[in-house]
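Next come the chains, spelled out residue by residue.
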Amino acid sequence: MERDVSRDGPPSRRLRYVLAAVALVTLASAAVGVRAAVTSPQRMQSGRAAVRAGDVDPSGMYVSADTLSAGGSTRLPDGGSGTRTRALAAPALAPLSGGQDPVATPSPDGQSVAYETWRWKADYDWFQPLEDQGVQNGDTLGSPAIHILDLSTGADRALEYGSFSPAWRADGALAYVHRGKSYSWNVRYVRDVVVRAPATAAPVTWSTAHDLYRVEGWAGSHLIVSREVEGGPGELDVYDGPGQSRVLATEGTLLAISPDGTEALVADPASAPDPSVRLVRVSDSTVAAVLPLASVVDPVLGTPLAWVGGSADWEGDHVAVSAETGLVVLTVVGDAIRVEQVLHLDAATAPNGMLYEPRFTDAGRSIVVWEDVSTPLGKPWSSAQLVCDRTQLSCVQSAPVAPTHQPRPVYDRSAG
């Protein structure tokens, strides 16, 4: 089976990022719009974060199933009535992009949201082998399509069949990948990188050959794309225009793009001899700084981290990153990467445990993240949100929900 969306986390988690990842149906909290500088309100201590059950009200825009919602003080543009919800034409679902990339992303002017959808051919039981359900090699499983929702009017239009993995440029251009076929079982789903400039224009192909691409985000005018390499860690490439690509980092996973779009944080795979986090200049792919993970020690276990990964949140000079045993907050100042805080969360160390899409909130005092909640073997898993106060080393956990109703943030990894 093709591992389109395998990442550099623990191997036991990777299969969930492929089509079997029904948990990736929906979207959690994050403010949309101008990036605010994150400041540390006081000296941050590392340690175990205590978790208690409570009410969690997502802030910013988020999507759950077929509804776009605005939490906290956020309002959707609608002509002044102050609405907090919009119906989607189809449930937001992105099994080929995985839970480490946004499933819905706002346009730079805040007037539209591009979101991924997926249509399954049948109702599959993901806790049973597909072969036992009559699926054979080459059989069609489903197909993706990007939709663009106008927040003011509610108009919802679909892009071409086979489109997914969208990212907006600051001028309103939309990049994504496209394959004009359905996804078939055990068949390589190669595709092209395309750009619409503006989003209403015809698509222009930027890649020169079909491959296992995913769009990561714009760094100013440069488009960062991941390319899966069969049999090994993926590669990050930069496109400077149609047919103009170069390697940003080999064997790396993008964590985040700097707010000014000039640099990217890249994580080595856990399989690397000496895994690290690298600060890479987008303009020429040179490495400006390296943070060895051997120097990042879990405050509870007393051992160095083996990996960090996923979609991190870079605001100001602070970066919130999911890690092997919880969350890490980095600071990037000049050409230096430093560790500000390491939060140990027991949920991350549970069997198959992992935290997804951390987002700063409350001017950097808190981090919102979601987790899988353990269930008895063979039973569908559930998901919960955590709002973690970094100053108090405490988190509030929402009531578990079915993965099809997991809120996930509406955000764009692009910057600059």
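Remember, it's a predicted structure, so these values are computed and weren't measured experimentally.

Take the nonpolar core next. Soluble globular proteins: nonpolar side chains tend toward being buried together. Judged by nonpolar contacts, the single largest core of 25 residues is most densely connected at Val-193, Val-215 and Leu-223. The set of elements that each furnish at least two residues to this core consists of β10 (163-168), β11 (174-178), β13 (192-196), β15 (213-219) and β16 (222-227). With 3 residues, β15 is the largest single contributor of residues to this core. Apart from residues no more than four positions distant in its own chain, Val-193 is found in contact with Tyr-176, Val-177, Val-204, Thr-205, Trp-206, Ser-207, Tyr-213, Val-215, Leu-223 and Val-225. Of all hydrophobic cores here, the second largest spans 23 residues; its members include Leu-255, Ala-289, Ala-312 and Val-328.

In this fold, Ser-258 is placed in the loop between β19 (253-257) and β20 (263-267). Separated by 2.7 Å, the side chains of Ser-258 and Asp-260 make a polar contact. When residues no more than four places from it in sequence are discounted, the contact partners of Ser-258 are Glu-263, Trp-314 and Ala-415.

Turning to the sheet that holds strand β18 (residues 244-249), a few remarks are in order. Reading across the sheet, the 4 strands line up as β15-β16-β17-β18 and stay open at both edges, with antiparallel pairing between neighbours. Unpaired on one side and paired on the other, β15 and β18 mark the two borders of the sheet. Ignoring which end each strand starts from, the neighbouring axes of this sheet average 30 degrees apart. Here 5 bridges tie β16 to strand β17 (residues 235-241), and the two strands are oriented antiparallel to one another. By the bridge assignment, Val-225 is partnered in β17 with Asp-237.

A few words now on the state of the cysteines. For the structure shown, the criterion picks out 1 disulfide. Here Cys-388 pairs with Cys-395 through a disulfide, and the sulfurs are 2.1 Å apart. Looking down the S-S bond of the Cys-388 and Cys-395 bridge, the torsion is 105 degrees, so its handedness is right-handed. For the pair Cys-388 and Cys-395, a shared accessibility class is recorded, and that class is buried.

Along the chain, Ser-226 turns up in strand β16. Side-chain polar atoms of Ser-226 contact the side chain of Glu-216, separated by 3.3 Å. Residues contacting Ser-226, with those up to four places away along its chain left out, are Leu-212, Tyr-213, Arg-214, Glu-216, Glu-235 and Leu-236.

A few words on unusual backbone geometry. Cis geometry marks the peptide bond from Ala-197 to Pro-198, where omega comes out at 0 degrees. Although it is not a glycine, Asn-186 adopts a positive phi angle of roughly 60 degrees. Looking at the secondary structure, you find Asn-186 in the loop between β12 (183-184) and β13. At Asp-362, a residue that is not glycine, the phi angle is positive and equals roughly 55 degrees. Position of Asp-362 relative to the elements: it lies in the loop between β27 (355-361) and β28 (366-373). A relative accessible area of 48% means that Asp-362 is categorised as partly exposed.

What follows is about the pattern of salt bridges. Throughout the structure, instances matching the rule amount to 19 salt bridges. One salt bridge connects Arg-227 with Glu-235, and the closest N-O pair in it is separated by 3.1 Å. A residue is classified by how much of its surface remains accessible, and Arg-227, at 22% relative accessible area, is partly exposed.

Sheets are built from strands paired through backbone hydrogen bonds, the pairs being either parallel or antiparallel. The mixed open sheet is built from 5 strands, whose spatial order is β2-β30-β29-β28-β27. Looking along the sheet, the strands with just one partner apiece sit at the ends: β2 (50-53) and β27. For this sheet, the mean angle separating the axes of adjacent strands, direction not counted, is 25 degrees. Of the pairings in the sheet, the one linking β27 to β28 comprises 5 bridges and is antiparallel in character. The residue of β28 that forms the bridge with Arg-359 is Val-368.

The next point concerns the pairing of β11. For β11, a buried count of 4 out of 5 residues is recorded, marking the element as mostly surrounded by other parts of the structure. Bridge analysis of β10 against β11 gives 4 bridges, and the strand direction is antiparallel. Within β11, the residue paired with Ser-163 across the bridge is His-178. Here β10 folds back onto β11, and the loop between the two strands holds 5 residues, one of which, Gly-172, carries a positive phi near 95 degrees. Note that β11 and β13 share 5 bridges and pair antiparallel.

A word on the confidence of the model for the protein chain. Taken over all residues, the pLDDT of the protein chain has a mean of 86, while the share at 70 or more is 86%. Per-residue pLDDT stays below 50 along residues 1-36; that stretch engages in 149 contacts with residues further than four places along the chain or on separate chains.

Right, let's get into empty space enclosed by the protein. Each pocket or cavity is described by its volume, and for the largest cavity that value is around 70 Å³. Taken together, Ser-97, Asp-101, Pro-102, Thr-105, Glu-116, Ser-165, Pro-166, Ala-167, Val-215, Glu-216, Asp-412 and Arg-413 make up the full set of residues lining the largest cavity. At the level of elements, β10 and β15 are the ones that each hand at least two residues to the lining of the largest cavity. At 3 residues, the largest contribution of residues to the lining of the largest cavity is made by β10. When grouped by side-chain class, the residues that make up the lining of the largest cavity number 4 nonpolar, 3 polar and 5 charged.

Criteria and thresholds
- Residues numbered from 1 in each chain as written.
- Predicted model: local features only at pLDDT ≥ 70, side-chain atom pairs only at ≥ 80, totals over all residues.
- Heavy atoms only, no water.
- Core = buried A, V, L, I, M, F, W, Y, C linked by side-chain atoms within 4.5 Å.
- Buried < 20%, exposed > 50% of the residue type's maximum accessible area, 1.4 Å probe, protein only.
- Helix = DSSP H or I, 4+ residues; strand = E, 2+ residues; numbered from the N terminus.
- Contact = heavy atoms within 4.5 Å.
- Polar contact = N/O pair within 3.5 Å; in protein donor to acceptor, adjacent residues only side chain to side chain.
- Pairing = 2+ DSSP bridges.
- Axes fitted to C-alpha atoms, helices over the stretch in contact; angles between N-to-C directions.
- Disulfide = S-S within 2.5 Å.
- Salt bridge = Lys/Arg side-chain N within 4 Å of Asp/Glu carboxyl O.
- pLDDT = per-residue confidence, 0-100.
- 1 Å grid on protein atoms, 1.4 Å probe; cavity = no way out; pocket = protein on both sides within 12 Å on 5 of 7 lines; lining within 4 Å.
- Points joined across faces, edges and corners; volume = space filled by probe spheres on them.
- Nonpolar A, V, L, I, M, F, W, Y, C, P; charged D, E, K, R; others polar.

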